[in-house]
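Fold and geometry: a report
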Amino acid sequence: MIIYHLSTECYPIAKVGGLADVVGALPKYQNKIKGIDAKVVMPWYNKPFVHQHEFDIVFDGFIHQGPNMLQVQVLKEKSDALGFELYMVRIPGLLDRDNPYGYQDENFQFLAFQHGVLHWLSAMEILPDVLHCHDYHTGLVPFMIEYCGEFKFLKGVKTIGTIHNGEYQGMMSWDMANYMPHFDSYKWGLLDWDGLLNPLASMIRCATAFTTVSQGYLEELFVSFRGLEGLVRQEFGKAHGIINGIDAEVWNPETDPMLDFNFNIKNAVAQKKKNKEKLCKEYGLRPELPLFAFIGRFATEKGADFLPDVVWRSIKQTYGALNIMILGSGNTYIENKLKEFDYTYSNFALELGYKEHLSHQIYASADFLLMPSRVEPCGLNQMYSMKYGTVPIVRYTGGLRDTVKDISTGGAGINFTYPGVDDIIHAINRALSIYSEKDLMENLIHANMNFDFTWEKSAEKYIALYQK
Ligand code: ADP
Ligand code: GLC
């Protein structure tokens, strides 16, 4: 069975968040299953990876985007060292950028990617068994292969659409339809939602099946999906919730080259302490106090707007009996507020920006990881932290409620229900009392490390779905 994963991100080539981690791992684990050949197709980016690896140009052609004629090249990475074949689509001016997102003409960029991939497959008469589309950036593919004459070779190919984040739907005004490959205009209703062209809505309607990255999140979409609640209810028959896994080859505290002190379950307590001491020294924190960490995008979805209040209130209320460290970037108001506190409180450390190495060191060093998300389709941070013996404190939502159970119900984490500062502070207070009981804390470290979040099971669930 031949599967093409289409995505704008893939670790280690280009990563903005968890989408990259999933697309960098899932095909690798699928390929371990007999009879499966999973490949990844992504845009070409001007990233170190592409300059450090050799590629063959396997396709060179042209597409029309509205009045513009665009050159499309497909490059295949020569070594297949990632555990899957990697194809990158290069279109000068649109798919040759430094980063996946953040450009004024993103709509043109994503349309060109989808058009370019399908043009290549059709022109070369490559017939996959499944096209697996990730998020709205590739959400128009199921529609395109059915209703754009240019791709009639692909008509009938089965498609899976995975919703990693329903907060982003890629809505565009209808004039963008002029830049799509020519389609059967009778079918415009399959693209439309509320007077806009909505790629995510189109993906839900047109894909053979669609998935969300946890069962918990799927259930929430029925009542909260930025206007698409009715659609997801209507298409429920083809919806599946499949939880993400973690790539044990990358996220293993015993072998992780990004850690100063590697560890396994036997020496975790002592080695984590050494990691913590080093990190605290570097950031002027106090290693004898518990370390709470947050890693992630400063977005309301992640509850990052609570962080400034959480920082000052928890430090004041405990008379400075804890450390807080935050790694991330995003909303400038939040960044500026946190910068102020970085000067004010010696117990608080802030690192702005995206730092892969530091994130690993924090997972290994922290005692608790905070995830006060309002929305969390799956969340990978909590799984990484658990694997690295750090107790997760999570809001009970989406994938977080599927992966983290509270210690009061036999789990090894801390849950809270309401997304607000009071509930977060209450959860921190619970964490502090746990931390003061040495044996309990050590048990929790071990219990968290024992959870099995590897990809094998979920990779098989996807294969079963493809087969169906
Ligand atoms: P999302 O994709 O919504 O941002 P996930 O929990 O699925 O959330 O995945 C986030 C991924 O990005 C994790 O691998 C996390 O470690 C990483 N990450 C987030 N922010 C940063 C940062 N500032 N520096 C390094 N890694 C980060
Ligand atoms: C999205 C979600 C996150 C999920 C990730 C990978 O970015 O916000 O919860 O873990 O995709 O599926």
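These figures come from a predicted structure and were not determined experimentally. (Residues numbered from 1 in each chain as written. Chains lettered and ligands numbered in written order. Predicted model: local features only at pLDDT ≥ 70, side-chain atom pairs only at ≥ 80, totals over all residues. Heavy atoms only, no water.)

Considerations on the overall build of the protein
Note the threshold: Secondary structure follows DSSP: runs of H or I at least 4 residues long count as helices, runs of E at least 2 residues long count as strands, and numbering of each begins at the N terminus. Here the globule rule is a power law, 2.2 Å times the number of residues to the power 0.38, and the radius of gyration is based on C-alpha atoms. Under the convention used here, a 1.4 Å probe and the Shrake-Rupley method define accessible areas, while residue burial counts only the protein chains that appear. His is not counted, nor are the chain ends; Lys and Arg add positive charge and Asp and Glu add negative charge. Charged side chains are reduced to one point each, which is NZ for Lys, CZ for Arg, CG for Asp and CD for Glu.
Along the backbone of the protein there are 16 helices and 17 strands. Taking 2.2 N^0.38 as the reference for a compact globule, 468 residues should give roughly 23 Å; the C-alpha atoms of the protein span a radius of gyration of 23 Å, in line with that estimate. Here the protein has roughly 18,700 Å² of accessible surface; of this, 52% comes from carbon and sulfur atoms. Both charge centroids of the protein, one from 43 positive and one from 55 negative side chains, sit 3 Å from each other.

Observations regarding the domain arrangement of the protein
Here is the rule: An automatic or database domain assignment provides the domain bounds reported here. Any two residues whose heavy atoms approach within 4.5 Å are treated as being in contact. Each of two parts loses accessible area, computed with a 1.4 Å probe, when they are put together; buried area is these two losses added. Salt bridge, as used here: a side-chain nitrogen of Lys or Arg that lies within 4 Å of a carboxyl oxygen of Asp or Glu. Side-chain atoms alone can form a polar contact between residues adjacent in sequence; in general such a contact is a pair of N or O atoms within 3.5 Å, and within protein one must be able to donate a hydrogen while the other accepts it. Each residue gets one of three labels, nonpolar for Ala, Val, Leu, Ile, Met, Phe, Trp, Tyr, Cys and Pro, charged for Asp, Glu, Lys and Arg, and polar for the others, Gly among them.
Entries for the protein in the domain assignment read domain 1 (2–245 + 456–467) and domain 2 (268–452). Across the boundary between the two partners, domain 1 contributes 20 residues, which contact 16 residues of domain 2. A buried area of about 1,400 Å², summed over both sides, lies between domain 1 and domain 2, and 51% of it is on carbon and sulfur atoms. With its nearest N and O atoms 3.4 Å apart, the salt bridge here joins Glu356 to Lys15. Put simply, domain 1 and domain 2 have 15 residue pairs in polar contact (both at pLDDT 80 or more) between them. Among the elements that take part in the side of domain 1 that touches domain 2, helix 6 (residues 215–221) stands out by supplying five residues, more than any other. Split by residue class, the side of domain 1 that touches domain 2 holds seven nonpolar, eight polar and five charged.

Observations concerning the sheet that holds strand 17 (residues 414–416)
Cut-off, in case you're wondering: Two strands are said to pair when DSSP picks up at least two bridges between them. Between the N-to-C directions of two axes lies an angle of 0 to 180 degrees, each axis being a line fitted to C-alpha atoms and, for a helix, fitted only over the stretch in contact.
With parallel pairing, the six strands of this open sheet are ordered in space as 14-13-12-15-16-17. Each having just a single partner strand, strand 14 (348–352) and strand 17 make up the two edges of the open sheet. Across the sheet, the mean angle from the axis of one strand to that of its neighbour is 15°, orientation sign disregarded. Bridge count for strand 12 (residues 291–298) against strand 15 (residues 368–371) is two bridges, and the pairing is parallel. Paired with Ala293 across the two strands is Leu369, which belongs to strand 15. The strands touched by helix 9 (residues 307–317) within the sheet are strand 12, strand 13 (323–330), strand 14 and strand 15, with strand 13 carrying the most contacts at an inclination of about 170°.

Some words on the site of ligand 2
Let me state the cut-off plainly: Throughout, near means a residue has at least one heavy atom within 4 Å of the molecule or strand.
Close contacts around ligand 2 come from 14 residues, with His164, Asn244, Glu376, Cys378 and Gly379 the closest. Between an oxygen atom of ligand 2 and a side-chain N or O atom of His164, the distance comes to 2.7 Å. At 3.4 Å, a backbone N or O of Pro377 approaches an oxygen atom of ligand 2. Burial of ligand 2 by the protein amounts to 92% of the accessible area it has alone, namely 310 Å². Per element, the largest residue contribution to the shell around ligand 2 is three residues, and it comes from helix 1 (residues 18–30). Of the residues that make up the shell around ligand 2, three or more belong to each of domain 1 (2–245 + 456–467) and domain 2 (268–452).

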